[in-house]
Amino acid sequence: MALEAYRGMWRAYAKAGLTADADEPELARYASGTALTTLTSGLSAYRSKGQALKGEYVSNPQASGASPSSRPTAVTVADCLDDANFLVYDASGKRADDEPGGRRATRATVSDLGAEGWKVTSFGVQEVGTC
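In this report, we go over the structure that sits alongside the text.

Calculation criteria
Residues numbered from 1 in each chain as written. Predicted model: local features only at pLDDT ≥ 70, side-chain atom pairs only at ≥ 80, totals over all residues. Heavy atoms only, no water. Phe/Tyr/Trp six-rings, centres within 6.5 Å; stacked < 30°, edge-to-face > 60°. Helix = DSSP H or I, 4+ residues; strand = E, 2+ residues; numbered from the N terminus. Core = buried A, V, L, I, M, F, W, Y, C linked by side-chain atoms within 4.5 Å. Buried < 20%, exposed > 50% of the residue type's maximum accessible area, 1.4 Å probe, protein only. Contact = heavy atoms within 4.5 Å. Disulfide = S-S within 2.5 Å. Expected span 1.5 Å × (residues − 1). Axes fitted to C-alpha atoms, helices over the stretch in contact; angles between N-to-C directions. Parallel < 35°, antiparallel > 145°, perpendicular 65-115°, else oblique. Left-handed = near helix turned anticlockwise from the far one by under 90°. Nonpolar A, V, L, I, M, F, W, Y, C, P; charged D, E, K, R; others polar.

What follows deals with the packing of aromatic side chains. Counted by the stated rule, this structure contains six aromatic pairs. Ring geometry for Tyr-57 and Phe-86: centres 5.7 Å apart, planes at 75°, overall edge-to-face. Placement of the pair is Tyr-57 in the loop between β1 (51–55) and β2 (62–67) and Phe-86 in strand β4 (residues 86–90), with a sequence separation of 29 residues. Pairwise contacts between aromatic rings join Tyr-6, Trp-10, Tyr-13, Tyr-57, Phe-86 and Phe-123 into one cluster.

Below you can see the structure in the form of C-alpha cells.
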C-alpha cells in the first residue's frame, strides 16, 4: 500500500506537471499534509512563470522501515529518483534552465490515514548525484 501511494504521487505529479496544474485531483489521492503542500506550491510556482514539466522520470522505491513494527501506520520509502529526462520547459517548448536532471536520493514517509487510506505525508529530494 505504501509503495503504491508513493508511485501514485509521482505519476500524479508528472501528469499535473504537463500543465503545471496544482489542482490536479490525483495529487490529493496520493499525498497529504506537507507532501501535498510541497507539490502544489511547486506547480503553482511553475505555472506563474509560464513553465511546465515534461518527460519521464525513473523510480525504484523500496520500503526501508515501518513503525510500529507490529502493525505499521507509517512506512519510510527510499528511492533514487532519476529526473534526467523530466525537466522544466517554458511555454515555447524550450528548456527553462540549463541545469541537468539526474539521480537524486529521495526519502518519503507514507502514512495510513484511516478512511483516507495510505498517502505520502512528507518527502525530501536531494541534489543530483546523491545516489
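This next bit is on the nonpolar core. A general feature of soluble globular proteins is that nonpolar side chains tend to end up buried together. Counting residues in each nonpolar core, the largest one holds 27 residues, and the members touching the most others are Met-9, Trp-10, Tyr-13, Val-120 and Phe-123. Those elements giving two or more residues to this core turn out to be α1 (2–17), α2 (25–30), α3 (33–48), β3 (74–82), β4, β5 (103–112) and β6 (118–128). Looking at this core, the element that brings in the most residues is α1, giving nine residues. Once residues within four sequence positions are removed from consideration, Tyr-13 is found in contact with Leu-27, Leu-39, Leu-43, Tyr-46, Leu-53 and Phe-86.

As enumerated under the stated definition, the model contains one disulfide in all. Covalently, Cys-80 is tied to Cys-131 through a disulfide, its sulfur atoms 1.9 Å apart. Around the S-S axis, the bridge from Cys-80 to Cys-131 shows a dihedral of about 80° and counts as right-handed. Pair noted here: Cys-80 is in strand β3 and Cys-131 is in the segment after β6, with a separation of 51 residues, a long-range link.

Between its first and last C-alpha atoms α1 spans 23 Å; for 16 residues at 1.5 Å apiece the expected length is 22 Å, and the two agree. Every buried residue of α1 is listed here: Ala-2, Ala-5, Tyr-6, Gly-8, Met-9, Trp-10, Ala-12, Tyr-13, Ala-14, Ala-16 and Gly-17.

With omega at -15°, the peptide bond leading from Ser-67 into Pro-68 counts as cis. In this structure, Pro-68 sits in the loop between β2 and β3. With phi around 50°, Ala-20 is a residue other than glycine that occupies positive phi space. Along the chain, Ala-20 falls in the loop between α1 and α2.

Right, let's get into the packing of α1 against α3. Viewed as axis vectors pointing N to C, α1 and α3 meet at an angle of 15°, and their least axial separation amounts to 11 Å. Comparing their axes, α3 and α1 come out roughly parallel. Crossing geometry of α1 relative to α3 is assigned as right-handed. Here Met-9, Tyr-13, Ala-16 and Gly-17 of α1 come into contact with α3, specifically with Leu-39, Leu-43 and Tyr-46. Its residues placed into classes, the contact of α1 with α3 shows six nonpolar, one polar and no charged.

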